[in-house]
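Residue-level structure breakdown
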Amino acid sequence: MAPGAATNGQPPTAASTSELVRFATAGSVDDGKSTLIGRLLYDTKSIFEDQLESVARASGQRGDGYVNLALLTDGLRAEREQGITIDVAYRYFHTPRRKFIIADTPGHEQYTRNMVTGASTSDLALVLVDARKGVLEQSRRHAFIASLLRIRHLVVCVNKMDLVDFDQSVFDRITVEFSGWLAKLDIHDVTFIPISALHGDNVVDRSARMPWYAGTSLLYHLEHVHVASDRNLRDPRFPVQWVVRPMSDEHHDYRGYAGEVASGVLRTGDEVVVLPSGRTSRIASIDTFEGALDEAYPPLSVTLHLEDDIDVSRGDMICRPENRPKEAREIDAMVCWMSERPLSPSARYRIKHTTRTALAKVDELRYRIDVNSLHRDKEANGLELNEIGRLRLRLSSPLFVDEYARNRATGSFILIDESTNDTVGAGMVL
Amino acid sequence: MSVLDSPPDSRGDHMSYEISHLRALESEAIHVIREVAAELERGVLLFSGGKDSAVLLHLARKAFHPAGLPFPVMHVDTGHNFPEVIEYRDRLVAEVGAQLIVASVQESIDKGRVTEEKGPRASRNRLQSVTLLDAIEEHGFKAAFGGARRDEERARAKERIMSFRDDFGQWDPKAQRPELWNLYNGHIKPGEHVRVFPLSNWTELDVWQYINEEQLGLPTIYFAHEREVFRRDGMLYATSEFVELLPSEEPFSKSVRFRTVGDMSCTGAVASRAATLEEVVAEIAATRITERGETRADDRISEAAMEDRKKEGYF
């Protein structure tokens, strides 16, 4: 296989040992995002014939004049009729190496809320720049949100290269300009790829029409970017979800603590401390349906059995005595507001962090950040839908937190409106 | 002590701790199941006897092992079942030791809650929504686990893993709660309930690969067998007492298998010789048509057939 060529043309028989990679895309109607996704799905044989027929039929009814691949992702009647995307859509494709989940987020005014949602579970963000238009405000905003959510890998696809005669100087100019903006952000792995989503150049295979480009195709990059080490494997954190007590004859005295390893590596025999009680014990076994494991790491769901019969319940945090999260009664956090009902200072919300829920009062809104200029408005006295600000929250009972920058799983939280039960805020601990 | 002044645990630095996509999907599903069981008091697992609900039940067993399921299993029974599926259901539920509730569409008809469709194209598919919602209300269930996947159908692609239903059982696609990280918001008001789809991020191929890896048992109709079928609207249907043939329809015998399990009146078969799990996985990997497009008459009514049924309270 030619270097830089993706594993194209092979049947999509993802081996059961392939790796799962999640990425977020964002963009507006005309930057070619849907065409690009359609191209990735089509070229990896992830679009089925009946889906394509249905899209062709819907395109015809709308008078599009071509098979509008954007309709693949627009699932609801209102979306197809109005040509808008209401919400985050999840799409799936795989190659023999990897299975991908795309969180496809629309570019209209609900954009920030949706992109934050899509980005929260993503390993990588894909930003499109129209080669003719250069770096727009929207492209900068995408990159900022990816950085805020601590996505480690950013791919900037400079699209519609066919419309600028595959001119290297256009690509270079955009690369330099965008890199200047990215220097202000906290993203270290950035890859620029010149593509034509419509014609497939550099999407799956290297394009012969841009011999000056020395990098790989987009799909090759997606298949090879190293995401496994993005997990925090250093700080063992195990939020207890559920206490397993069979009370059967066979397992009469068994008590196990079920949960998903948030970070770090836990091993049988490890000394652990349970927060908030501070009681210590050792891991007697790491149990699963298949039997005991020697060690557990994120994101495995397991059940910990401890040597000592100590009181542990849902919401407790199991960690190592010499490496603990911060016991916080107050937290500073960046919060993206997700509700039509604005955040008001001094309001009270439920806060859900790992498996623990408490009440939070907004003590202070330190500033609101302009996602386009990064300007900090210290005079702001509220957050509207899609706005992002830095808050100080006071908590009714302690939460066991790490900085989001160090640990996504124990640094993230959601705010819930007590009267409507809606999820109104997405928070990242500073 | 905070992490800032503590020595990092160095042992994670040198190893990759890789995890396959099936294990990642499995872990995500188990996390969702445990989270919902913990946050919502009365749960129920909706079990059709199909492959997705078989995987779902298996994951629920794993989630609470070595304890049993903390919720019952419910079958919404149209009365128009494949006998092989009922046999499988009863055997599996007994093996798992779960409590089985059967919510009967026939009873809903007898009570006058719904009216049976008539004619050769009659189906009890849509009636299930009423039976399901009645059963949820009768038992006071707050959370109903289902095996639906986002790759199945495009209205489903827009649905949350934890999906809210108002006190009429309706889904409002425009008023869904954002789902961030792995933090699920299980707060609901009296009368409301949630549908929970732990397999949201699985594809049909993932499900089959997982069944193969875990060597899960399935109803025999998923594997190639000789059966008397007839052709309608380009699809093959099993002949049965539940379906009236049109004058032009001639039954014939063919080697078929089913890709989905639903009401006998609306579930089509595919011509196949795949008799083992490995052969089915190979066939699914090579197929160019979606399972619902190939085998489900209930989705062919209109472009938005699923969306409309979901809004009424369908699975």
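Everything numeric here is computed off the predicted structure, so don't read it as measured data.

1. What about the interface of chain B and chain A?
Of the residues lining the interface, 81 residues belong to chain B; the matching set on chain A comes to 103 residues. Across the chain B/chain A interface, buried area totals approximately 7800 Å², and carbon plus sulfur atoms make up 54% of it. When the area that chain B buries against chain A is broken down by residue, the three leading residues are B:K158, B:W181 and B:R288, summing to 12%. At the junction of chain B with chain A, the criterion picks out 8 salt bridges.

2. Some points on the packing of aromatic side chains
Going through the model one piece at a time under the given rule, you end up with 17 aromatic pairs over all chains. With a centroid separation of 4.7 Å and 20 degrees between ring planes, the pair formed by A:F93 and A:F100 is classed as stacked. A relative accessible area of 2% places A:F93 in the buried class. Overall, A:F100 belongs to the buried group, its relative accessible area being 0%. Considering the side-chain rings of B:W208 and B:Y222, the 5.6 Å spacing of their centres and the 80 degrees angle between planes classify their relative orientation as edge-to-face. With B:W208 in helix α6 (residues 204–214) and B:Y222 in the loop between α6 and β7 (225–232), this residue pair connects regions lying 14 residues apart in the sequence. Owing to a relative accessible area of 0%, B:W208 belongs among the buried residues under this scheme. Given a relative accessible area of 1%, B:Y222 falls into the buried group. Its end group placed over the ring of A:W181, A:R140 keeps NZ or CZ at 5.8 Å from the ring centre. One cation-aromatic arrangement involves B:R177 over B:F164; the distance from NZ or CZ to the ring centre is 3.6 Å.

3. A word on the pairing of strand β21 (residues 388–401) of chain A
All names here are of chain A. Where strand β17 (residues 326–337) lies against β21, 10 bridges are found, and the strand directions are antiparallel. Its bridge partner lying in β21, V335 is registered against G389. Looking at chain direction, strand β19 (residues 356–369) and β21 are connected through 8 bridges and run antiparallel. For K361, the partnering residue across the bridge sits in β21 and is R394.

4. Side note on the pattern of salt bridges
A full pass over the atoms with the stated rule returns 51 salt bridges over all chains. Residue B:E39 pairs with A:R314 through a salt bridge whose shortest N-O separation is 3.3 Å. Of the two residues, B:E39 is situated in helix α1 (residues 21–39) and A:R314 in the loop between β15 (301–306) and β16 (317–319); the pairing between them involves two chains. Among the ionic pairs, A:R348 bridges to A:E418, the shortest N-O distance being 2.9 Å. Of this pair, A:R348 sits in strand β18 (residues 348–353) while A:E418 sits in the loop between β22 (412–416) and β23 (423–429), placing them 70 residues apart in sequence. By relative accessible area, which is 30% here, A:E418 ends up partly exposed.

5. A word on helix α5 (residues 128–139) of chain B
Residue and element names in this part refer to chain B. Taking 1.5 Å of rise per residue, the 12 residues of α5 would be expected to cover 16 Å, and the 16 Å separating its terminal C-alpha atoms lies within 8% of that figure. All of the buried residues in α5 are Q128, S129, T131, L132, L133, A135 and I136. Remark: G140 follows α5 within two positions and exhibits a positive phi of approximately 70 degrees.

6. Description of the domain arrangement of chain A
Residue and element names in this part refer to chain A. Taken as a whole, chain A is organised into domain 1 (19–229), domain 2 (237–319) and domain 3 (326–429). Here the C-alpha centroids of domain 2 and domain 3 sit 30 Å apart. Between domain 2 and domain 3, the contact holds 12 residues from the first and 9 residues from the second. Across the domain 2 to domain 3 interface the summed buried area is about 880 Å²; carbon plus sulfur atoms make up 58%. Linking domain 2 with domain 3 are 2 salt bridges. For R356, the salt bridge identified is with D316, shortest N-O distance 3.9 Å. Here domain 2 and domain 3 share 5 residue pairs in polar contact (both at pLDDT 80 or more) between them.

7. Concerning a negative patch on the surface
Residues and elements named next belong to chain A. A cluster of acidic residues, D253, E307, D308, D309 and D311, forms a negative patch at the surface. Checked against the element boundaries, D309 lands in the loop between β15 and β16. You can call D309 exposed: its relative accessible area is 69%.

8. Remarks on the packing of helix α6 (residues 137–148) of chain A against helix α7 (residues 168–182) of chain A
Residue and element names in this part refer to chain A. Viewed as axis vectors pointing N to C, α6 and α7 meet at an angle of 40 degrees, and their least axial separation amounts to 10 Å. Judged by the angle between their axes, α6 and α7 are oblique. The two elements α6 and α7 meet at a crossing, and its hand is right-handed. Two secondary-structure elements touch here, α6 through S139, R140, A143 and F144 and α7 through E177, F178, W181 and L182. Per-class residue counts for the contact of α6 with α7 are 5 nonpolar, 1 polar and 2 charged.

9. Thoughts on the domain arrangement of chain B
You'll often see interface size given as the accessible area lost when the parts meet. All names here are of chain B. Each assigned domain of chain B is listed with its residue range as follows: domain 1 (19–205) and domain 2 (215–305). Once you take the C-alpha centre of each, domain 1 and domain 2 turn out to be 22 Å apart. Taken together, the 29 residues of domain 1 in the interface contact 32 residues of domain 2. Surface buried jointly by domain 1 and domain 2 totals about 2600 Å² across both partners, of which 55% is contributed by carbon and sulfur atoms. Taken together, domain 1 and domain 2 are joined by 2 salt bridges. Between R259 and E204 there is a salt bridge, with the nearest N and O atoms lying 2.7 Å from each other. For the interface between domain 1 and domain 2, the tally reads 7 residue pairs in polar contact (both at pLDDT 80 or more).

10. Comments concerning the side chain of A:T117
With respect to the helices and strands, A:T117 occurs in helix α5 (residues 111–120). Of the residues examined, A:T117 reaches a relative accessible area of 3% and is grouped as buried. Excluding residues within four positions of it along the chain, A:T117 makes contact with A:V88, A:Y90, A:M338, B:P178, B:E179 and B:L180.

Conventions used here
Residues numbered from 1 in each chain as written. Chains lettered and ligands numbered in written order. Predicted model: local features only at pLDDT ≥ 70, side-chain atom pairs only at ≥ 80, totals over all residues. Heavy atoms only, no water. Contact = heavy atoms within 4.5 Å. Buried area = accessible area lost by both parts, 1.4 Å probe. Salt bridge = Lys/Arg side-chain N within 4 Å of Asp/Glu carboxyl O. Phe/Tyr/Trp six-rings, centres within 6.5 Å; stacked < 30°, edge-to-face > 60°. Buried < 20%, exposed > 50% of the residue type's maximum accessible area, 1.4 Å probe, protein only. Helix = DSSP H or I, 4+ residues; strand = E, 2+ residues; numbered from the N terminus. Lys NZ or Arg CZ within 6 Å of the ring centre and 35° of its normal. Pairing = 2+ DSSP bridges. Expected span 1.5 Å × (residues − 1). Domains from an automatic or database assignment. Polar contact = N/O pair within 3.5 Å; in protein donor to acceptor, adjacent residues only side chain to side chain. Patch = residues over 30% accessible without salt bridge, like charges linked within 9 Å, V, L, I, M, F, W, Y side chains within 5 Å. Areas by Shrake-Rupley, 256 points an atom, 1.4 Å probe, with all protein chains shown as cover. Lys, Arg positive; Asp, Glu negative; His and termini not counted. Charge placed at Lys NZ, Arg CZ, Asp CG, Glu CD. Axes fitted to C-alpha atoms, helices over the stretch in contact; angles between N-to-C directions. Parallel < 35°, antiparallel > 145°, perpendicular 65-115°, else oblique. Left-handed = near helix turned anticlockwise from the far one by under 90°. Nonpolar A, V, L, I, M, F, W, Y, C, P; charged D, E, K, R; others polar.

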